[in-house]
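Okay, here's what each chain looks like letter by letter:
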Amino acid sequence: MKTKSPKLTYRVSWLAALFASGAGYRTLSLANDGIVLAGRESAPDRISYLAINPDVTVEQGYFWNVLVIPLENGDILRFRGLNKKKSGPLQKALNHQCRSNIKVFFQRITPDLQQACQQARILFSGQRYIRHAAAQQWFANHQHLAKGIERRDIHDFLPPEARQHLKTIQPLLTQGYGYIAKRNKAYVRQQLAAFQSFFDQVESNPLTANQRAACVIDEQYNLVLAGAGTGKTSTMIGRAGYLIKAGIAQPENILMLAFARKAAEEMDQRIQSQLGITNLTAKTFHGLGKHIITQVEGVVPAINKMAEDERLRIHFVDEQIQRLLQDEQYKSRLVTYFLRFSQPYKSAFNFKTLGEYNNYILENDIRTLQGELVKSYEECEIANFLFRQGINYEYEANYQVNTAGPDYRAYQPDFYLPEYGIYIEHFAVNENSQTPPFIDQQSYLDGMAWKRALHQTHRTRLIETYSYLKHQGILTKSLEEKLLQAGVKFKPLPNNELLAKLNQFGRVSEFSQLLAQVLALFKAACLNLKSLVSLARQHEDHERMQAAAFLFEPVYEVYQQHLRDTATIDFEDMIGRAIGYVEDGRYQSPYRHLLVDEFQDISASRARLVKALLAQHPDNSLFCVGDDWQSIYRFTGSDVSLTKEFEQYFGYTATSVLDKTFRFNNKIGAVASRFVMQNPTQIAKKIQSHHIVEQAAVSLIKTSQDQVGLNAALSAINRKTDASAGVLILARFNFKKPELSALARQYPKLKLQFMSVHASKGKEADYVIVLGLEKGKQGFPSEKALHPLLELLLPKAEDFAHAEERRLFYVALTRARRHVYLISDGNKASDFVRELIDSQYEILCDEVSGEKFQDKLADVVCSECQTGYLVPRDSQFGSFLGCSQYPLCNHTQPVCQWCGSGLKEKGRFRVCENKRCDYVEPICPRCNGKMSLRNGPSGQFWGCSNYRKGAGFSCSYTEKFIDVKSRLKTV
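Computed from a predicted structure; not experimentally measured.

Participant: I'm lost on helix 32 (residues 831–838) in this one. Help?
Facilitator: Helical geometry: 3.6 residues make up each α-helical turn, so side chains three or four residues apart lie on a common side. Three or more residues of helix 32 are buried, namely Phe832, Val833, Arg834, Glu835 and Leu836. A positive phi of about 55° marks Gln840, the residue just after helix 32.

Participant: Got a minute to help me understand the nonpolar core in this structure?
Facilitator: Within the largest apolar cluster, 86 residues are counted, with the highest numbers of intra-cluster contacts made by Ile321, Leu386, Leu417, Leu483, Phe511 and Phe552. No other element matches helix 22 (residues 542–565), which puts ten residues into this core. When sequence neighbours within four positions are dropped, the list of residues in contact with Leu386 reads Ile391, Tyr393, Phe415, Leu417, Ile424 and Leu483. By size, the runner-up hydrophobic cluster in this structure holds 39 residues, among which are Ile632, Val811, Leu822 and Leu836.

Participant: Is there a simple way to explain the side chain of Gln682 in this structure?
Facilitator: Along the polypeptide, Gln682 turns up in the loop between helix 27 (666–676) and strand 21 (688–689). For Gln682, a relative accessible area of 4% translates into the label buried. Here the side chain of Gln682 touches Arg807 through a polar contact of 2.7 Å, side chain to side chain. The contact partners of Gln682, leaving out residues within four places of it in the chain, are Asp628, Trp629, Lys644, Val676, Met677, Glu798 and Arg807.

Participant: Can you help me understand the sheet that holds strand 35 (residues 958–959) in this one?
Facilitator: Through backbone hydrogen bonds, the strands of a sheet pair up, either in parallel or in antiparallel fashion. Overall, antiparallel pairing links the three strands, which are arranged 33-34-35 in an open sheet. With one partner strand each, in any of the chains shown, strand 33 (931–936) and strand 35 form the two edges of the open sheet. As paired strands, strand 33 and strand 34 (residues 939–944) are joined by six bridges and run antiparallel to one another. What sits directly across from Asn935, in strand 34, is Gln940.

Participant: How do you make sense of the packing of aromatic side chains when you look at a structure like this?
Facilitator: Each aromatic ring pair is summarised here by two numbers: the centre-to-centre distance and the angle between the ring planes. A complete count under the given rule lists 46 aromatic pairs for this structure. Grouping aromatic residues by their ring pairs yields a cluster made of Tyr221, Phe599, Phe646, Tyr649 and Phe650. One Lys or Arg, Arg333, reaches over the ring of Phe550 and ends 5.0 Å from the middle of that ring.

Participant: Can you walk me through helix 12 (residues 310–324) in this structure?
Facilitator: For helix 12, which comprises 15 residues, the first-to-last C-alpha distance of 21 Å matches the rise-based estimate of 21 Å (1.5 Å per residue) to within 8%. Along helix 12, the positions that sit buried rather than exposed are Arg313, Ile314, Phe316, Val317, Asp318, Gln320, Ile321 and Leu324. Sitting at the amino-terminal end of helix 12 is Asp309, which places a side-chain oxygen 3.0 Å from the backbone nitrogen of Arg311.

Participant: Where do I start with the pattern of salt bridges in this structure?
Facilitator: Any two side chains of opposite charge can pair, on the condition that their charged atoms come close. Scanning all chains against the criterion turns up 46 salt bridges. The partner of Glu381 in a salt bridge is Lys470, with the nearest N and O atoms 2.7 Å apart. Taken as a pair, Glu381 in helix 15 (residues 377–388) and Lys470 in helix 17 (residues 467–471) lie far apart in primary sequence, 89 residues in all. Judged by its relative accessible area of 16%, Glu381 is buried. Taking the shortest distance from any N to any O, the salt bridge between Asp766 and Arg818 comes out at 3.9 Å. Of this pair, Asp766 sits in strand 25 (residues 765–771) while Arg818 sits in strand 26 (residues 816–824); the two residues are 52 residues apart in sequence, bridging distant segments of the chain. Salt bridges here are not isolated pairs; linked through shared partners, they connect Arg313, Lys523, Asp570, Glu572 and Asp573.

Participant: Explain the environment of Asn304 to me, please; I cannot follow it from the model alone.
Facilitator: Assignment of secondary structure puts Asn304 in the loop between strand 11 (302–303) and helix 11 (305–308). By relative accessible area, which is 7% here, Asn304 ends up buried. For the pair Asn304 and Thr566, spaced 262 residues apart in sequence, the C-alpha to C-alpha distance is 8.1 Å. Polar contacts involving the side chain of Asn304 include one to the main-chain amide nitrogen of Met306, which spans 2.9 Å. A distance of 3.4 Å separates a polar atom in the side chain of Asn304 from a polar atom in the side chain of His562.

Participant: Would you explain the side chain of Ser87 in this entry?
Facilitator: On the secondary structure map, Ser87 appears in helix 2 (residues 84–124). Not counting residues within four places of it along the chain, the set of residues in contact with Ser87 comprises Val58, Asn65 and Leu82.

Participant: Is there a simple way to think about the pairing of strand 17 (residues 593–596) in this case?
Facilitator: Side-chain direction in a regular strand flips from residue to residue, so the side chains alternate between the two faces of the sheet. Along strand 17, one buried face is formed by His593 and Leu595 and the opposite face, lined by Leu594 and Val596, is buried too. Relative to strand 17, strand 9 (residues 254–258) is paired through four bridges, and the arrangement is parallel. Bridge pairing in strand 17 places Ile254 opposite His593. Sheet topology note: the strand 17/strand 18 (residues 621–626) ladder contains four bridges and is parallel.

Participant: Could you clarify how one ought to interpret the sheet that holds strand 13 (residues 415–417) in this entry?
Facilitator: Taken together, four strands build an open sheet; the order of strands is 12-13-14-15 and the sheet is mixed. What marks the edges here is a single partner per strand, and that holds for strand 12 (394–395) and strand 15 (461–466). Of the pairings in the sheet, the one linking strand 14 (residues 422–427) to strand 15 comprises six bridges and is parallel in character. What sits directly across from Phe427, in strand 15, is Tyr466.

Quick notes on the rules
- Residues numbered from 1 in each chain as written.
- Predicted model: local features only at pLDDT ≥ 70, side-chain atom pairs only at ≥ 80, totals over all residues.
- Heavy atoms only, no water.
- Buried < 20%, exposed > 50% of the residue type's maximum accessible area, 1.4 Å probe, protein only.
- Helix = DSSP H or I, 4+ residues; strand = E, 2+ residues; numbered from the N terminus.
- Core = buried A, V, L, I, M, F, W, Y, C linked by side-chain atoms within 4.5 Å.
- Contact = heavy atoms within 4.5 Å.
- Polar contact = N/O pair within 3.5 Å; in protein donor to acceptor, adjacent residues only side chain to side chain.
- Pairing = 2+ DSSP bridges.
- Phe/Tyr/Trp six-rings, centres within 6.5 Å; stacked < 30°, edge-to-face > 60°.
- Lys NZ or Arg CZ within 6 Å of the ring centre and 35° of its normal.
- Expected span 1.5 Å × (residues − 1).
- Salt bridge = Lys/Arg side-chain N within 4 Å of Asp/Glu carboxyl O.

Structure below.
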């Protein structure tokens, strides 16, 4: 019950407020739960009676008294300017109110103390790990008891039995979760000592200290972050064995989950052989789904063959598309998709740099229906229009007159119609003749004028189109009108013939592969067609997305009907149907402890199934082992955020770290760890290596020929090893696979194996060789953009560039025990290789050298696009430096004809940048070309290298004598 305080409020008089020294408060009020002190301007201070020592006194003054209020924390509060006659009654009332409230408080909490003590004994006594959920519930119910228990006079108010209860729970109330942590730490120490022999023998090698601690910690949600080679599976076995040996769980109440069948079988075999237990369940997620469906439906579901063979599913989708093409509406939609939506449109005016724009073209592989890689989406649309209308064209064919010169290369108009002798130029300008931001406007406009004049001079027919026509939505309509006026005959390809050609080019098969991927991800996401269309409408490229969604809909319906007709299910059904049965309670789980291996590979649907199983029993526990640094399967639906944000998804989590690897040495570990942690969203870990070496263990071989680099690496490995050594040859894509049989004959001492990096996950070898570290969509990192319909169904992409590709490179590096060899073309080196060099990672760059190897990476950034690098090239007119982004970037620079280095202009000469080379060439003052020494009827003379007999441009400038020797002396 509550005491009612007298309605007492004392106000300091205006005179006291004016003259009483330090009179800060103006009023003091006695409320039900404490006193309220208020000043003129500041907010009122409320002080609980439980915080006041009921020994309030009065200090006498000349004119006014001071009410001295001692607080339980040792502070003293003074209320000044108190009328002398009223100070005594106020003191008495305040002391009385404090004592009354304190007495009532302790009378009220006495039964609460008893209840709290009883619950604490049930929850926290005995040999067990105290879970956060239990502690949280206790604190939520009894935290109010902490108020007042620190009072020094508490024993004056509590009966003896209540004092004993308070003694039991006082550490909990005063230390909170810190007390729980200490108890748990002591429990873990005790368990580690008690089960030392078990942890020594449960696996072939004794478990590490961190592995043992992870096994013993028994929070409701447990996440073990295990670096590559740190013993994830051993920890899983140790955890299962400990739960049983400690009497925490029965074998039939434990479920171990893996993603791959081999991993599940390996865990099951090791549980049986190491622990002698046969009734513990180890399954894949799909196996669990199948089991749940069987238990509910009473029949073992038949698995469709397409579930286990992706090629069969693609073939089925391709067959259905071909069948659907008998329907005119579907046929029309598919043709429209290929003509308008097979590529993502982004205006060049939305890009700030040429490099960004070129990356968009390359990542999305902007190709025409005939397969040509073009320089803009708008060019692609023009090409497809010509193709659709049956108009034969050539893309970037040489103009009929050779125009090569110092200012313009050989002129190649965008399109040439050979049957009509008509050229088409598409100009990237808006209505105001402005160019995209990354194009030099004046130079571009001068080029337009030059092209127009050239056609006029040679009386060739030119049709012009402009970017603003695309922005207005009339690009092909405008082109059509101009072509008709020029007498071009349109022979529109019928849909059947168009699709036949698309089939011939393999474009329909590519689309079938896309829809087969969409089919798997769509079902895994547990969506329906209505929700898919709704998501497509919300997308920024909604027209393209809706077009693809409408084409997908009948394929999906036919596929589902096929499953019904054959009474079969696929892997997505195994998970989706199982989720439904668990969530609606039709399946009752016997499992109390769920152990998940390789948790970083989990998808949203699998996590949902796990969560549904856990929800059936409040005391269930989850133990997950994984490594966010090795999450590499987003394209199948894996969501790394479920590992990074584990606690937000499941609840309060005990996180352990396995940081000692028994696979790779410290030098490989240093490179791999530093590289993967450039992404700040990766969970920070310090992986210690069991094997310590002094020399760098990652080598970079620079060559333009994979086979040359591969042989160099294998030869180096062959020299290093006396006994047989395992060599794992890795590449981002399988098409890089070398001829292993020939290599095996050449290096009989080595055990050679090739894998894609994805397939190598979980593998290891003495040595690793990584091929294909070049820039591009089929490089490493792969720079190919995913179709937005796939992106819509996949977990949200990370903001950090190439985040998953970076983790994939980490996986490649950490397959090796002794040494890693990276093979890259220095002229096309990937961003990953450049980072290793530019950021001075501890790697060997000069282990291999010679005629077929490159001394360094191309390191001169193209001044035009700012993303490519200048690399040496040859032409009929000699050597030069060209951008590695060619043909998207045509920038060139002259090169030293002796050593191939770049040239710098100094006065009227170009001199070699290589300090060991003394090459010098004079510059033509008329056209800026190179002056070369020639022989004529009157002897030697200097002539411009841009002299082209019969060409559109020719410079005939000559000089009798140029003093090159004097220039050489100053170089």
